Amino acid sequence: MKSETKNSASEARRLARLKSYGVLDEKEDPILSQYAKMAAQIAGTPLSMVSLVDADWQFAKGSFGPVAPKLARQETVCAHVVDNANEGLVVNDLSKDERFARSKFVTEGPQLRFYAGIPLDGDNEGSIGSFCVMDTIPRELTVVQIEQLKVLGKAVMTHIEMMRMAKRLEELTGEPAAASLRNSEERSAKVGDIKRALVRDEFVNYYQPKVDLKTGNIIGAEALVRWIHPERGLVQPSEFIPLMEETGLIVEAGRGVLERAMEDWRAWSDFNLSPPQIAVNVSAKQFLDDELIDDIATALASSGNKHAKPLSIELTESGLITNRDKISQQLRTIRELGVPVALDDFGTGYSSLSYLATLPVDVLKIDRSFVRKMMTEIHYMTLVNNIIQLAHGLDLKVVAEGVEIKEEAQLLKLLRCEYAQGYLYSKPVNAGDFAAMLGESRGRIGKQRWDQLREGRILGSATALTLSNDGANRVDDNASVGQDRHALIAREDRVR
């Protein structure tokens, strides 16, 4: 009886502590959702959540993946973390743990198998909630991963504390609420601008060439979306891509990139420019859209020659965290259409090597951050070399991103990397400039003539190139792309 009174008193103090934060409701916080996404990337899991637990319910304050916003406390694993706040909880296989084997979340619904939870604001009387990662397959975390999650858990609690302070300040002054309203209005206005821009076809494709490191020939290009605003001019992708991702407009915008890429490819082909394969980035949200395969098939048909393999698809490694099974199936279907697949930004997404070995991809793209550091840090050169060897062992080709100087290209060539992309060869250019880049020895199409043929495109400045003796498109390694190259590099973004 004395023990029950003590437990009841402890629970009352825990609930009072939870109530003091003033954030217990069913609304998710976008910053906490970002922390959940980071946790999923660290652990390599498809699900993650910041949960707060009161006497009866668990509330998801931030989440990554399909997580229920509210669940009865007795139906959750997080309740065990709340009760064991000094230890946290890691269960490699919930179906083999007698505490959870018969629970609904194991036998029904998501059929969870793995769970790891870090207590939030825990003490001897319990925690206010849990910061957890989950998976539908059994797995283990390394010591390093667990320590990284603990550090991230402290950041989560810091943000929750800031939310409490902001709420108190709002009660005293009302200023944060007004600022929040202004931010909301600005965001709504931006979303409205994006929607109108989609209707008015204000988005265009720019193209950045991919080059064969052995021959210097252009063997492909990546399509990058740009917004030509009627009043502001060129709007940088960092201003609209995140909003597109949040609102789901990225699906419509991505469909437009696909269509324009194949329209441009066909136009280049009609003028005997021998266009290379065009790579289009596809976001995780697009992969979860049921119309993606039809969109790709339609775009391929518009190229007029799908047998020439005019299109390839790129997916970021971090994008694989969301619904891996469905994305893998989509990738297999895409390859059946004759469209190769590249895994973009490889090395930054925490995907497991065993998963990579079964993933239906054809190309690995080394993230630019590794390329940038490999010339000065031996560990990064070793890492780049290992990625290339790993890719070759899996019969994959390799593209190095962000190549800026000739020495980087030479080192990558020595490491047997096949292809490179970056400002050493060209910044992203509009369709007209890329057409000029593809001029053949039979007679190069002039930029002015291309402008006339493609009226309505917003065209930039041409990129320096030379034509090889055999008529192939070759980028001159010694050609300058301008003294502002490094400033331009910081502004380059790609569709996700």
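A. Structural view of the overall build of the chain. Across its full length, the chain holds 18 helices and 18 strands. The buried share of the chain, taken over its 496 residues, is 51%. Relative to all contacts within the chain whose residues are 6 or more apart in sequence, the contacts with residues 24 or more apart total 67%. Accessible area for the chain stands at about 23900 Å²; split by element, carbon and sulfur atoms hold 50% of it.

B. Region of interest: the pairing of strand β11 (residues 311-316). Burial analysis of β11 places 6 of its 6 residues in the buried class, the great majority of the element. With burial as the criterion, each face of β11 is covered, one bearing Leu311, Ile313 and Leu315 and the other bearing Ser312, Glu314 and Thr316. Across 4 bridges, strand β10 (residues 277-281) lies against β11 in parallel orientation. Its bridge partner being in β11, valine 280 is matched across the sheet by isoleucine 313.

C. View of unusual backbone geometry. Phi at aspartate 395 takes a positive value of approximately 65°, unusual for a residue other than glycine. By the element assignment, aspartate 395 lies in the loop between α14 (378-393) and β14 (397-400). Under the relative-accessibility criterion, aspartate 395 is labelled exposed at 71%. In this structure, arginine 416 is a non-glycine residue whose phi angle is positive, near 70°. Within the fold, arginine 416 resides in the loop between α15 (406-414) and β15 (419-421).

D. Main features of the packing of aromatic side chains. Within the structure shown, the criterion is met by 8 aromatic pairs. Measuring from centroid to centroid gives 6.4 Å for phenylalanine 100 and phenylalanine 105, while their planes differ by 50°, and the two rings are tilted. We note that phenylalanine 100, like phenylalanine 105, is buried. Aromatic side chains phenylalanine 203 and tryptophan 227 sit 5.3 Å apart centroid to centroid with 35° between the ring planes, which places their arrangement in the tilted category. Of this pair, phenylalanine 203 sits in strand β7 (residues 203-212) while tryptophan 227 sits in strand β8 (residues 218-229), placing them 24 residues apart in sequence. For the pair shown, phenylalanine 203 and tryptophan 227 are each scored as buried. Aromatic ring contacts, followed pair by pair, group Phe203, Trp227 and Phe240 into a single cluster. Over the ring of tryptophan 57 we find lysine 70, and its NZ or CZ is 4.5 Å from the ring centre.

E. Representation of the environment of proline 66. Topologically, proline 66 is positioned in the loop between β2 (57-64) and β3 (70-72). Separated by 18 residues in the primary sequence, proline 66 and serine 48 place their C-alpha atoms 9.0 Å from one another.

F. Representation of the pairing of β2. Of all 8 residues making up β2, 7 are buried, and the element is well covered by its neighbours. Across 6 bridges, the pairing between strand β1 (residues 47-53) and β2 is antiparallel. Counted as the bridge partner of valine 50 is glycine 62 from β2. The antiparallel hairpin formed by β1 and β2 contains 3 residues in its connecting segment.

G. View of the sheet that holds β1. The sheet built from 6 strands is open, its strands ordered β3-β2-β1-β6-β5-β4 with antiparallel pairing. Sheet topology places β3 and β4 (89-91) at the edges, where each strand pairs with a single neighbour. Direction aside, the axes of adjacent strands within the sheet are offset by 25° on average. Bridge count for β4 against strand β5 (residues 114-120) is 3 bridges, and the pairing is antiparallel. Across the sheet, residue valine 91 finds its bridge partner in β5, namely tyrosine 115.

What counts, and at which threshold
- Residues numbered from 1 in each chain as written.
- Predicted model: local features only at pLDDT ≥ 70, side-chain atom pairs only at ≥ 80, totals over all residues.
- Heavy atoms only, no water.
- Helix = DSSP H or I, 4+ residues; strand = E, 2+ residues; numbered from the N terminus.
- Buried < 20%, exposed > 50% of the residue type's maximum accessible area, 1.4 Å probe, protein only.
- Contact = heavy atoms within 4.5 Å.
- Areas by Shrake-Rupley, 256 points an atom, 1.4 Å probe, with all protein chains shown as cover.
- Pairing = 2+ DSSP bridges.
- Phe/Tyr/Trp six-rings, centres within 6.5 Å; stacked < 30°, edge-to-face > 60°.
- Lys NZ or Arg CZ within 6 Å of the ring centre and 35° of its normal.
- Axes fitted to C-alpha atoms, helices over the stretch in contact; angles between N-to-C directions.

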